[in-house]
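Observations on chain architecture
Each chain, letter by letter, is given below.
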Amino acid sequence: AEAHKGNKNEAVASLTKATQICFDQPLPWLGLADYYTNNGDEACAIATLQAAAQAIPDNPEILRRLGEIYIRRYSYTQAHEVLATANQLEPDNPVISLNFAITLRQLGHLDAAHDVLSKAFLANPEDEKITLAFAKTLIDLGRYQQALPHLESLLSDGLIGQPGPYITYAQVLLLLWE
């Protein structure tokens, strides 16, 4: 076990050295942040990605990864800040759009979340995560009839392996029935 720890320490040292040598390249920063994330040290991953964002402020991938960690930690305001910038840099990236919309929705900016997700859905109608987020935002806006076909399309292929979309679909049906 000690030898394995030595290898981890060497790996961190090597990745850290790479960030120093190639401070203007995202790959070493992302590699170091991934190492920390995969080893359960999100605080170090955040610090790494924040330093990367300072070194390379116009890199949407760094900002996306930082925003995703903030979302996992329920830090929606911080996530919103970095993902808004990422979305400005790369507005057609479906993953960035989805994450940005999640923060908007969590912060209560439903119309803005709808706008982001509507555009993302039109560009990526087969993306299940975008479709579900779009449907949930429509529900939050009280647009149950508009949400229904999106939920039906998700469930029609029977490939959804989680109960959430089925529960959401049932809830919408019950709301429309009342």
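Heads up: these notes are all about the structure in this document. Just so you know, these numbers come straight off a predicted model, no measurement behind them.

Focus on the pattern of salt bridges
For the structure shown, the criterion picks out eight salt bridges. A salt bridge links Arg-65 to Asp-34; its shortest N-O distance comes to 2.8 Å. Taken together, the positions of Arg-65 in helix 4 (residues 60–72) and Asp-34 in helix 2 (residues 26–38) put the pair 31 residues apart, joining distant regions of the chain. Residue Arg-65 is classed as partly exposed on the basis of its relative accessible area, which comes to 21%. With a closest N to O distance of 3.0 Å, Glu-61 and Arg-65 form a salt bridge. Within this pair, Glu-61 and its partner Arg-65 are both found in helix 4, separated by four residues, close to a single helical turn.

Let's talk about unusual backbone geometry
Notably, Tyr-74 is not glycine yet its phi reads approximately 60°, a positive angle. Residue position: Tyr-74 is located in the loop between helix 4 and helix 5 (76–89).

Here's the deal with helix 4
Look at helix 4: 18 Å from first C-alpha to last across 13 residues, which is about the 18 Å you get at 1.5 Å a residue. Most of helix 4 is tucked away, with ten of its 13 residues classed as buried. Turning to helix 4, its buried residues are Pro-60, Ile-62, Leu-63, Arg-64, Leu-66, Gly-67, Glu-68, Ile-69, Tyr-70 and Ile-71. Its side-chain oxygen 3.0 Å from the backbone nitrogen of Glu-61, Asn-59 forms the N-cap of helix 4. In the stretch just after helix 4, Tyr-74 is the one whose phi turns positive, near 60°.

Rules of the game
- Residues numbered from 1 in each chain as written.
- Predicted model: local features only at pLDDT ≥ 70, side-chain atom pairs only at ≥ 80, totals over all residues.
- Heavy atoms only, no water.
- Salt bridge = Lys/Arg side-chain N within 4 Å of Asp/Glu carboxyl O.
- Helix = DSSP H or I, 4+ residues; strand = E, 2+ residues; numbered from the N terminus.
- Buried < 20%, exposed > 50% of the residue type's maximum accessible area, 1.4 Å probe, protein only.
- Expected span 1.5 Å × (residues − 1).
- Polar contact = N/O pair within 3.5 Å; in protein donor to acceptor, adjacent residues only side chain to side chain.

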